[in-house]
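Each chain is listed here by its residues.
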Amino acid sequence: MEVIPIKLTVLGCWAPYPRVSGACSGYLLQEAGRNLLIEAGNGILARLLQHIDLEELDAVILSHLHPDHIMDIYSLRHAIEAANREGRMQRRIPLYLPTGPAEDFDRIKGFNKAFVVQIIEDLPEPGTAEIAGFKVVFVPGKHNLPVFSMSIEGKKKLVYSGDTAYNPELIHLAQGADLFLCEASGQDKDADYLKENHLTARQAGQLAQRAGAKTLMITHFYPEYSLSELQQQAEAGFGQAVEVAREGATIQL
Ligand SMILES: [Zn+2]
Ligand SMILES: [Zn+2]
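Residues numbered from 1 in each chain as written. Chains lettered and ligands numbered in written order. Predicted model: local features only at pLDDT ≥ 70, side-chain atom pairs only at ≥ 80, totals over all residues. Heavy atoms only, no water.

The name an unreviewed UniProt entry gives the protein chain is Beta-lactamase domain-containing protein, with Desulforamulus ruminis as the organism.

And the structure:
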(Lines give C-alpha, C1' and ligand atoms only; values in the text may rest on other atoms or scores of the structure.)
(Ligands and ions follow the chains in the order given, each with its own letter.)
Protein backbone atom coordinates (compact mmCIF):
# COMPACT_ATOMS: atom_id res chain seq x y z
CA MET A 1 0.00 0.00 0.00
CA GLU A 2 1.25 3.44 -0.88
CA VAL A 3 2.17 5.50 2.17
CA ILE A 4 1.35 9.19 1.82
CA PRO A 5 3.16 10.96 4.67
CA ILE A 6 1.64 14.40 4.26
CA LYS A 7 -0.50 16.05 1.63
CA LEU A 8 -1.59 19.62 0.95
CA THR A 9 -4.64 20.31 -1.19
CA VAL A 10 -5.38 23.83 -2.39
CA LEU A 11 -9.07 24.71 -1.92
CA GLY A 12 -8.77 28.35 -2.97
CA CYS A 13 -6.02 30.79 -3.94
CA TRP A 14 -7.51 34.18 -4.91
CA ALA A 15 -7.52 37.51 -3.12
CA PRO A 16 -9.35 39.66 -2.30
CA TYR A 17 -12.08 38.20 -4.54
CA PRO A 18 -12.14 35.04 -6.65
CA ARG A 19 -11.89 34.44 -10.37
CA VAL A 20 -14.94 32.96 -12.12
CA SER A 21 -15.78 29.66 -10.36
CA GLY A 22 -12.81 30.12 -8.02
CA ALA A 23 -12.39 30.45 -4.26
CA CYS A 24 -10.38 32.63 -1.88
CA SER A 25 -7.80 31.26 0.58
CA GLY A 26 -8.18 27.71 1.87
CA TYR A 27 -5.83 24.72 2.24
CA LEU A 28 -6.40 21.19 3.50
CA LEU A 29 -3.44 19.50 5.17
CA GLN A 30 -3.70 15.73 5.68
CA GLU A 31 -1.47 13.22 7.40
CA ALA A 32 -2.32 9.70 8.56
CA GLY A 33 -6.07 10.31 8.48
CA ARG A 34 -5.92 13.67 10.25
CA ASN A 35 -7.41 16.70 8.52
CA LEU A 36 -6.43 20.30 9.23
CA LEU A 37 -8.10 23.20 7.44
CA ILE A 38 -5.97 26.33 7.07
CA GLU A 39 -8.05 29.44 6.21
CA ALA A 40 -11.74 29.52 5.35
CA GLY A 41 -12.07 31.99 2.47
CA ASN A 42 -15.23 32.36 0.42
CA GLY A 43 -15.93 29.28 -1.69
CA ILE A 44 -13.70 26.80 0.14
CA LEU A 45 -16.31 24.81 2.11
CA ALA A 46 -17.88 23.27 -1.00
CA ARG A 47 -14.37 22.31 -2.16
CA LEU A 48 -13.35 20.95 1.25
CA LEU A 49 -16.31 18.58 1.08
CA GLN A 50 -15.06 17.21 -2.23
CA HIS A 51 -12.07 15.84 -0.31
CA ILE A 52 -13.32 14.89 3.17
CA ASP A 53 -16.60 14.48 5.02
CA LEU A 54 -17.34 17.21 7.50
CA GLU A 55 -17.14 14.65 10.32
CA GLU A 56 -13.49 13.99 9.43
CA LEU A 57 -12.36 17.58 10.02
CA ASP A 58 -10.06 17.81 13.06
CA ALA A 59 -9.20 21.51 13.41
CA VAL A 60 -9.18 24.89 11.69
CA ILE A 61 -6.57 27.67 11.73
CA LEU A 62 -7.28 31.23 10.54
CA SER A 63 -4.10 33.29 10.02
CA HIS A 64 -6.08 36.53 10.31
CA LEU A 65 -9.60 37.87 10.03
CA HIS A 66 -9.75 39.49 6.59
CA PRO A 67 -12.90 38.43 4.70
CA ASP A 68 -11.04 36.50 1.99
CA HIS A 69 -9.68 34.21 4.74
CA ILE A 70 -12.77 33.78 6.94
CA MET A 71 -16.03 34.09 4.98
CA ASP A 72 -16.78 30.37 4.90
CA ILE A 73 -16.29 30.02 8.66
CA TYR A 74 -19.85 31.39 8.83
CA SER A 75 -21.18 28.47 6.74
CA LEU A 76 -18.89 25.92 8.37
CA ARG A 77 -20.34 26.92 11.73
CA HIS A 78 -23.85 26.03 10.55
CA ALA A 79 -22.70 22.75 9.02
CA ILE A 80 -21.03 21.67 12.29
CA GLU A 81 -23.96 22.78 14.46
CA ALA A 82 -26.40 20.88 12.23
CA ALA A 83 -24.24 17.75 12.25
CA ASN A 84 -24.17 17.80 16.05
CA ARG A 85 -27.90 18.46 16.29
CA GLU A 86 -28.66 15.58 13.93
CA GLY A 87 -26.27 13.15 15.61
CA ARG A 88 -23.74 12.88 12.76
CA MET A 89 -21.11 14.52 14.98
CA GLN A 90 -20.63 14.56 18.74
CA ARG A 91 -17.94 17.19 19.07
CA ARG A 92 -16.94 20.75 18.38
CA ILE A 93 -13.96 21.65 16.20
CA PRO A 94 -10.92 23.48 17.62
CA LEU A 95 -10.58 26.85 15.85
CA TYR A 96 -7.34 28.83 16.21
CA LEU A 97 -7.42 32.53 15.38
CA PRO A 98 -6.06 35.94 16.38
CA THR A 99 -8.20 38.38 18.36
CA GLY A 100 -8.36 41.38 16.06
CA PRO A 101 -10.31 43.19 14.77
CA ALA A 102 -12.54 42.86 17.85
CA GLU A 103 -15.79 43.11 15.91
CA ASP A 104 -14.99 40.08 13.74
CA PHE A 105 -13.34 38.14 16.55
CA ASP A 106 -16.30 38.63 18.90
CA ARG A 107 -18.75 37.42 16.27
CA ILE A 108 -16.74 34.25 15.54
CA LYS A 109 -16.09 33.65 19.25
CA GLY A 110 -19.86 33.45 19.66
CA PHE A 111 -20.00 30.34 17.43
CA ASN A 112 -19.19 28.21 20.46
CA LYS A 113 -21.68 25.47 19.66
CA ALA A 114 -19.56 24.64 16.60
CA PHE A 115 -16.04 25.60 17.62
CA VAL A 116 -13.69 25.39 20.60
CA VAL A 117 -12.15 28.82 20.10
CA GLN A 118 -8.40 29.01 20.78
CA ILE A 119 -6.76 32.44 20.79
CA ILE A 120 -3.34 32.31 19.15
CA GLU A 121 -2.01 35.19 21.28
CA ASP A 122 -3.01 33.32 24.48
CA LEU A 123 -1.62 29.84 23.83
CA PRO A 124 -0.38 28.23 27.08
CA GLU A 125 3.00 27.63 25.48
CA PRO A 126 3.39 31.00 23.68
CA GLY A 127 3.36 30.74 19.89
CA THR A 128 3.21 26.94 19.92
CA ALA A 129 0.41 24.40 19.86
CA GLU A 130 -0.31 20.82 18.90
CA ILE A 131 -3.15 21.02 16.40
CA ALA A 132 -4.68 17.94 14.79
CA GLY A 133 -1.52 16.02 15.66
CA PHE A 134 0.79 18.59 14.02
CA LYS A 135 3.29 20.74 15.89
CA VAL A 136 2.42 24.33 14.95
CA VAL A 137 4.58 27.40 15.58
CA PHE A 138 3.06 30.85 15.04
CA VAL A 139 5.04 34.00 14.26
CA PRO A 140 3.43 37.46 13.87
CA GLY A 141 3.44 38.75 10.31
CA LYS A 142 3.34 42.32 8.97
CA HIS A 143 -0.10 43.24 7.73
CA ASN A 144 -2.74 45.89 8.30
CA LEU A 145 -4.32 43.76 11.01
CA PRO A 146 -3.00 41.04 13.32
CA VAL A 147 -1.77 38.03 11.33
CA PHE A 148 0.30 34.94 12.04
CA SER A 149 2.63 33.06 9.74
CA MET A 150 2.96 29.42 10.81
CA SER A 151 5.10 26.34 10.51
CA ILE A 152 3.23 23.06 10.68
CA GLU A 153 5.26 19.96 11.31
CA GLY A 154 4.34 16.33 11.05
CA LYS A 155 6.73 13.97 9.34
CA LYS A 156 7.58 16.93 7.08
CA LYS A 157 7.59 20.69 7.57
CA LEU A 158 5.14 23.04 5.87
CA VAL A 159 5.45 26.79 6.36
CA TYR A 160 2.59 29.10 5.42
CA SER A 161 3.09 32.87 5.22
CA GLY A 162 -0.48 34.03 5.78
CA ASP A 163 -0.80 37.60 4.48
CA THR A 164 2.39 39.49 5.24
CA ALA A 165 4.85 42.05 3.99
CA TYR A 166 8.53 41.15 3.86
CA ASN A 167 9.50 39.79 7.28
CA PRO A 168 12.94 38.44 8.30
CA GLU A 169 11.18 36.37 11.00
CA LEU A 170 9.45 34.47 8.22
CA ILE A 171 12.82 33.53 6.70
CA HIS A 172 13.80 32.12 10.07
CA LEU A 173 10.51 30.23 10.43
CA ALA A 174 10.79 28.77 6.92
CA GLN A 175 14.36 27.46 7.37
CA GLY A 176 14.62 24.15 5.58
CA ALA A 177 10.86 23.85 4.99
CA ASP A 178 9.87 20.92 2.81
CA LEU A 179 7.10 23.12 1.44
CA PHE A 180 6.85 26.89 1.74
CA LEU A 181 3.36 28.09 0.84
CA CYS A 182 3.78 31.81 0.38
CA GLU A 183 1.53 34.65 -0.61
CA ALA A 184 2.41 36.41 -3.87
CA SER A 185 -0.12 39.22 -4.01
CA GLY A 186 1.59 41.34 -6.64
CA GLN A 187 3.92 41.76 -9.56
CA ASP A 188 7.23 43.64 -9.46
CA LYS A 189 5.46 46.91 -10.33
CA ASP A 190 3.37 46.65 -7.14
CA ALA A 191 6.32 46.42 -4.73
CA ASP A 192 5.95 49.97 -3.43
CA TYR A 193 2.16 49.86 -3.16
CA LEU A 194 2.24 46.54 -1.29
CA LYS A 195 5.30 47.07 0.89
CA GLU A 196 3.46 47.50 4.22
CA ASN A 197 1.05 44.57 3.80
CA HIS A 198 1.92 41.99 1.16
CA LEU A 199 4.67 40.30 -0.85
CA THR A 200 5.30 40.36 -4.56
CA ALA A 201 5.91 37.05 -6.29
CA ARG A 202 9.62 37.88 -6.60
CA GLN A 203 9.85 38.61 -2.85
CA ALA A 204 8.15 35.28 -2.12
CA GLY A 205 10.86 33.64 -4.21
CA GLN A 206 13.62 35.56 -2.42
CA LEU A 207 12.25 34.59 1.01
CA ALA A 208 12.13 30.94 -0.03
CA GLN A 209 15.68 31.14 -1.39
CA ARG A 210 17.02 32.73 1.81
CA ALA A 211 15.18 30.16 3.93
CA GLY A 212 16.54 27.27 1.89
CA ALA A 213 13.01 25.95 1.34
CA LYS A 214 12.94 22.77 -0.72
CA THR A 215 9.73 23.61 -2.58
CA LEU A 216 7.96 26.95 -2.99
CA MET A 217 4.29 27.17 -3.86
CA ILE A 218 2.96 30.69 -4.44
CA THR A 219 -0.65 31.62 -3.71
CA HIS A 220 -3.03 34.51 -2.82
CA PHE A 221 -3.29 35.89 -6.35
CA TYR A 222 -5.01 38.99 -7.64
CA PRO A 223 -7.58 37.50 -10.06
CA GLU A 224 -6.74 39.87 -12.93
CA TYR A 225 -3.05 38.92 -13.08
CA SER A 226 -1.37 36.36 -15.32
CA LEU A 227 -0.25 33.44 -13.18
CA SER A 228 2.56 32.57 -15.57
CA GLU A 229 3.97 36.08 -15.12
CA LEU A 230 3.80 35.75 -11.33
CA GLN A 231 5.42 32.32 -11.59
CA GLN A 232 8.28 33.73 -13.69
CA GLN A 233 8.94 36.52 -11.19
CA ALA A 234 8.83 34.07 -8.25
CA GLU A 235 11.22 31.72 -10.07
CA ALA A 236 13.62 34.62 -10.71
CA GLY A 237 13.64 35.30 -6.94
CA PHE A 238 13.91 31.64 -5.91
CA GLY A 239 16.40 30.56 -8.57
CA GLN A 240 14.47 27.38 -9.30
CA ALA A 241 11.08 26.13 -10.43
CA VAL A 242 8.05 27.30 -8.42
CA GLU A 243 4.66 25.64 -7.94
CA VAL A 244 1.52 27.72 -8.47
CA ALA A 245 -1.55 27.14 -6.27
CA ARG A 246 -4.85 26.44 -8.02
CA GLU A 247 -8.08 24.95 -6.72
CA GLY A 248 -7.66 21.18 -6.52
CA ALA A 249 -3.85 21.23 -6.81
CA THR A 250 -2.15 18.82 -4.42
CA ILE A 251 1.41 18.43 -3.18
CA GLN A 252 2.59 15.31 -1.41
CA LEU A 253 5.64 15.70 0.78
ZN1 LIG B 1 -5.79 37.90 1.97
ZN1 LIG C 1 -5.21 40.05 4.67
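Moving on to unusual backbone geometry. Omega for the peptide link from A15 to P16 comes to -5°, which places this bond in the cis form. You can see P16 is positioned in the loop between strand 1 (7-12) and strand 2 (26-31). A cis geometry characterises the amide bond from G100 onward to P101, with omega recorded as -5°. Tracing the backbone shows P101 in the loop between strand 5 (93-97) and helix 4 (102-109). At H220, a position not held by glycine, the phi torsion is positive, near 65°. Mapped onto the elements, H220 comes out in the loop between strand 12 (216-219) and helix 8 (227-238). The exposure class of H220 is buried, given its relative accessible area of 5%. (Helix = DSSP H or I, 4+ residues; strand = E, 2+ residues; numbered from the N terminus. Buried < 20%, exposed > 50% of the residue type's maximum accessible area, 1.4 Å probe, protein only.)

Moving on, we get to the packing of aromatic side chains. Two measures describe an aromatic ring pair: the distance that separates the ring centres and the angle between the ring planes. Here the structure, examined in full by the defined rule, presents 6 aromatic pairs. Taking the centre distance of 5.4 Å and the plane angle of 55° together, the rings of Y27 and Y160 count as tilted. Note that Y27 is positioned in strand 2 and Y160 in strand 10 (residues 157-160), a separation of 133 residues in sequence. We note that Y27, like Y160, is buried. Between F138 and F148 the ring centres are 6.1 Å apart and the planes differ by 80°, which places this aromatic pair in the edge-to-face class. Separated by 10 residues along the polypeptide, F138 in strand 8 (residues 134-140) and F148 in strand 9 (residues 148-153) bring together distant segments of the chain. Across the pair, exposure class does not vary: F138 and F148 are buried alike. The structure contains a cluster of three or more aromatic residues connected by ring pairs, namely Y17, Y222 and Y225. If you follow R34 out to its NZ or CZ, it ends over the ring of F134, 4.8 Å from the centre. (Phe/Tyr/Trp six-rings, centres within 6.5 Å; stacked < 30°, edge-to-face > 60°. Lys NZ or Arg CZ within 6 Å of the ring centre and 35° of its normal.)

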